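So the chains spell out like this:
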Amino acid sequence: MSNLIRSVVTGVGAYLPEDVVTNADLAKVVDTTDEWIVERTGIRQRHRIASGHGVSDLATEAARRALAAAGRTPADVDLIIVGTTTPDLTFPAVATMVQRKLGCPIGIAFDVQAVCSGFVYALSTADGFVARNRSKCALVIGAEAMTRLMDWTDRGTCVLFGDGAGAVVVEPREGQGTTDDRGLLGFALRADGTKQDLLYVDGGVSTTGEVGKLRMQGNQVFRHAVVNISEAVVAAAADAGVALSDVDWFIPHQANQRILQGVAHRLGIDEAKVISTVALHANTSAASIPLALNQGIADGRIKPGQLILMEAMGGGLTWGACVLRL
Ligand code: ACO
């Protein structure tokens, strides 16, 4: 095995807005109950962005915390990629707003729009810069204000989503070219545009001129999620050259506790190895994986050097998985 540059995660941070909305709060707005939501989804509460705030505010705070964890400053950052589907403005990109708010020098900054798969797509994209020595210090962020896309009369969707942001600092490090190396070891990304009708927002700049509301055929998405995510997980593990039994922690996109369990069951993964934050955060789309990663590190479960498998599925449909040694 020859030496090569790996994209290594050197710091993780997250931010959740203060306002917590419980299932009981939602039962006052739509015809639902805490029992239904908990039984069908595992969700107990979600955070909601304050009025007057934008996703860039959440992303900036998560990034600040990730930089502190990595022992880096904004002056070090030369690349920012934000996975988001709920930007402050149609343009410019949230990434450029984060750059300005943090005071980072001129560099590369852009958003990736892959909905709930946004973080997996963004991290894999960052690897194209970092592992080719095009970036010395990258910020990869997942940040969303999904509550802004809700139809508050649709009980089938408005109870499922929440707001938040998570960020990682990614830096190049020389590896040996083995699976013992720290860094992103492999990934698999997928999209199937023919499934658009299952999950989309019914507005946009070039059509209605309105932001629109999220529409979802939940049970159809559920079915595709379990089957397709499992395939991508196996493909990402093969790309990394690891066996699923080598993986210390599975960090799924936090859409629904039953999907998490369904994927784990299908792949023969011990549920004790699955990080789940869906009860506390609900579905925060591109933010959910870095939020869960941050939670697992903060509570002492995830440790440096461990092998992590992240997977997600979202609107598009898009889906994918990444294998990372922390
Ligand atoms: N409270 C009470 N009843 C409800 C609610 C609610 N909040 N929502 C739906 N129901 C009712 C329905 O009206 C239906 O009633 P009916 O039988 O009288 O018609 C019944 O519950 C069953 O509805 P289903 O939609 O079949 O329920 P299901 O068990 O499939 O659960 C859910 C719905 C939770 C949405 C599930 O399908 C799911 O989690 N799907 C996947 C979501 C997902 O993963 N999305 C991907 C990422 S999101 C992104 O990319 C932005």
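Residues numbered from 1 in each chain as written. Predicted model: local features only at pLDDT ≥ 70, side-chain atom pairs only at ≥ 80, totals over all residues. Heavy atoms only, no water.

Colleague: I keep staring at the sheet that holds strand 8 (residues 183-191) and nothing clicks. Help me out?
Modeller: Strand-to-strand pairing in sheets goes through backbone hydrogen bonds, with the strands running parallel or antiparallel. What the 4 strands build is an open sheet, ordered 8-13-12-11; its pairing is mixed. Here the strands that pair on one side only, and so sit at the sheet edges, are strand 8 and strand 11 (249-252). Averaged over all pairs of adjacent strands, the angle between their axes in this sheet comes to 10°, without regard to strand direction. Looking at chain direction, strand 12 (residues 307-314) and strand 13 (residues 318-325) are connected through 8 bridges and run antiparallel. (Pairing = 2+ DSSP bridges. Helix = DSSP H or I, 4+ residues; strand = E, 2+ residues; numbered from the N terminus. Axes fitted to C-alpha atoms, helices over the stretch in contact; angles between N-to-C directions.)

Colleague: Got a minute to help me understand the site of the ligand in this structure?
Modeller: Looking at the ligand, there are 28 residues lining it, with Thr-32, Arg-40, Cys-116, Arg-155 and Asn-256 nearest. The separation between a nitrogen atom of the ligand and a polar side-chain atom of Trp-36 is 3.4 Å. Note that a nitrogen atom of the ligand is positioned 2.9 Å from one of the backbone N or O atoms of Gly-218. In isolation the ligand offers 1,000 Å² of accessible surface; the protein chains occlude 74% of this area. For the shell around the ligand, the secondary-structure elements that each account for two or more residues are helix 2 (34-41), helix 6 (155-158), helix 7 (218-240), helix 8 (257-267) and strand 12. With 4 residues, helix 7 is the largest single contributor of residues to the shell around the ligand. Of the residues that constitute the shell around the ligand, the class distribution is 14 nonpolar, 10 polar and 4 charged. Residue-level mapping places the shell around the ligand at the junction of two domains, with at least three residues from each of domain 1 (4-175) and domain 2 (183-325). (Near = heavy atom within 4 Å. Polar contact = N/O pair within 3.5 Å; in protein donor to acceptor, adjacent residues only side chain to side chain. Areas by Shrake-Rupley, 256 points an atom, 1.4 Å probe, with all protein chains shown as cover. Nonpolar A, V, L, I, M, F, W, Y, C, P; charged D, E, K, R; others polar. Domains from an automatic or database assignment.)

Colleague: Is there a simple way to think about the domain arrangement of the chain in this case?
Modeller: Size of an interface, as often reported, equals the accessible area lost when the parts are brought together. As assigned here, the chain comprises domain 1 (4-175) and domain 2 (183-325). Using C-alpha coordinates to define each centre, domain 1 is positioned 14 Å away from domain 2. Opposite the 52 residues of domain 1 that make contact, domain 2 presents 47 residues. Our count for the domain 1 to domain 2 interface comes out at 1 salt bridge. Two residues, Asp-151 and Arg-215, come together in a salt bridge whose shortest N-O distance is 2.9 Å. (Contact = heavy atoms within 4.5 Å. Salt bridge = Lys/Arg side-chain N within 4 Å of Asp/Glu carboxyl O.)

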